[in-house]
Amino acid sequence: MPRTRIAAVVAVAAMVAAAATGCAGSDTTTGANGHVTITYMLPTSWAGVPGFQENVDLWEKQTGNTVKLTPVPDANYDSLVQARLAAKSGADVFAGQDSAKNKAAIMKPATGPWIERLLPAVRKSITSADGKIWGTPSADGLNATGVIYNKDVFSKAGITKTPTTLAEFEADLKKVKTAGATPLYLAGKDGWTLLQHRSAVNADFLGADLDLAPKLDANQVKWNEIPGFTQEYQALAGWVKHGLTNSDALTATYDSSTAAIANGKTGAIINGTWALGAIAKVNPKANIGFFLLPGADGKSTVGLQKPNLLKVATFSKVGKQAQDFLNFMIAQPQAQKFLDANPGVSAFTDAKAAGASGGAADLQKLVDQGDSVVPFDGQSVIPQPQDDLIAAYQELLGKRIDVAKFGEMTQKAWQGAGSKAGAAGF
């Protein structure tokens, strides 16, 4: 998963898809019969997921309009979208650009009957301070970060229930090791995977203090002074020290981690539930579950990602039809059809995947049981210093620094990011 903001959106949205046709750069056209062509610019990794193309086809059939899907390589997506927006051509519908300061200059506010159907927490999370919603949510399932585990491996180790404390989790990892599997698989070469541990930990911090994000953004609190910070990272360092992780944690990749858990070579990984799809591709029969990484105080909070927001370009000559298309794609019948094909946690109150199982069902149960928070990276207005944070993780996992130094590196990286962003208080 690339580390840029748009690429993070792409990875979370791997279940939103399109069959790629056409070429990039074509302008919107209106036919003699009054029907229009809408150019939808999307990342190539969104291609081929069941349910999406069928809904596109249905809208085209009902309206007579055409949706021209123009795929762009993931790594270049953000920059190419920006180029199209600057040229005011070649994209009626696009994703990303969520952090743009002057949104009105590049996108239109979204509206539609779907607003009343959103889960209250989701509606709140995508409503900006000006009261507008800058983008239409997609139908794909929402994701959360936590512990993805092989239920068969845990069962073989004699583990009958998921842990609720860090001590219980470590005890379970030791049982898995005794049973002959790698307890916890870390993929340090693809550094973004390490930050999924951070996301899981931060969700618990936010659950304990709902005002934590604005406090950090205003430099009113230091990361290494957050209650539970030291305990969480001492636990992580302890897992490495006690041989409860793979020996190649710093050189292992995301693909090797998903293969290891799919094939029962490891008990668990810490990642987002988007990884469930990659695991299923390796071994469709893998018995996979999901639970939240225990908080230092024994309490855990679901950090539920915002839905992907699709925007209508301000310069689009067919903005009305483009918004109608996006509204159609998430109307109840279409949203339900998509979720049935791609089980996940829905952003809507009237659509729930009937076929959800394994990790997806576990996450749905957690969401149904209690409150959730938007992950820290989705709340903070300061661009996250991801490279510096990954470096700190790699130093800690390499046993070259202790937790105190890790805390110092984390805070220093945050200070630099805040200063660079010109945030007040830095």
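Residues numbered from 1 in each chain as written. Predicted model: local features only at pLDDT ≥ 70, side-chain atom pairs only at ≥ 80, totals over all residues. Heavy atoms only, no water.

Caption draft 1: Broad picture of the nonpolar core. Counting residues in each nonpolar core, the largest one holds 72 residues, and the members touching the most others are Ile38, Tyr40, Trp114, Ile148, Ile279 and Phe325. Not counting residues up to four positions away in its chain, the partners in contact with isoleucine 279 are Ile148, Thr258, Ile261, Ala262, Ile269, Ala286 and Ile288. In terms of nonpolar packing, the next biggest core, distinct from the first, is built from 54 residues, Ala181, Ala235, Phe406 and Ala413 among them. (Core = buried A, V, L, I, M, F, W, Y, C linked by side-chain atoms within 4.5 Å. Buried < 20%, exposed > 50% of the residue type's maximum accessible area, 1.4 Å probe, protein only. Contact = heavy atoms within 4.5 Å.)

Caption draft 2: Molecular detail of the pattern of salt bridges. The tally for this structure, following the rule as stated, stands at 11 salt bridges. Two residues, arginine 123 and glutamate 116, come together in a salt bridge whose shortest N-O distance is 3.4 Å. Residue classification places glutamate 116 among the exposed positions, given a relative accessible area of 60%. (Salt bridge = Lys/Arg side-chain N within 4 Å of Asp/Glu carboxyl O.)

Caption draft 3: Spotlight on the packing of helix H6 (residues 166-178) against helix H9 (residues 229-241). Contact geometry of H6 with H9 gives a least axis separation of 11 Å together with a crossing angle of 10°. Here H9 runs roughly parallel to H6, going by the angle between their axes. Seen from H6, the contacting residues are Leu166, Phe169, Glu170 and Leu173; seen from H9, they are Gln231, Glu232, Ala235 and Trp239. Looking at side-chain class alone, the contact of H6 with H9 contains five nonpolar, one polar and two charged residues. (Axes fitted to C-alpha atoms, helices over the stretch in contact; angles between N-to-C directions. Helix = DSSP H or I, 4+ residues; strand = E, 2+ residues; numbered from the N terminus. Parallel < 35°, antiparallel > 145°, perpendicular 65-115°, else oblique. Nonpolar A, V, L, I, M, F, W, Y, C, P; charged D, E, K, R; others polar.)

Caption draft 4: Looking closely at the packing of aromatic side chains. A full pass over the atoms with the stated rule returns 17 aromatic pairs. Plain terms: the ring middles of tyrosine 393 and phenylalanine 406 are 5.3 Å apart, the flat faces sit at 80° to each other, and that makes the pair edge-to-face. In this pair, tyrosine 393 is assigned in helix H16 (residues 386-397) and phenylalanine 406 in helix H17 (residues 403-420), connecting sequence segments 13 residues apart. By relative accessible area, tyrosine 393 is classed as buried at 2%. Three or more aromatic residues joined by ring pairs make a cluster, and in this case those are Tyr149, Phe154, Phe169, Trp239 and Phe291. When the ring centre of phenylalanine 348 is taken as reference, the NZ or CZ atom of arginine 117 above it lies at 4.7 Å. (Phe/Tyr/Trp six-rings, centres within 6.5 Å; stacked < 30°, edge-to-face > 60°. Lys NZ or Arg CZ within 6 Å of the ring centre and 35° of its normal.)

Read these as geometric descriptors, not functional statements.
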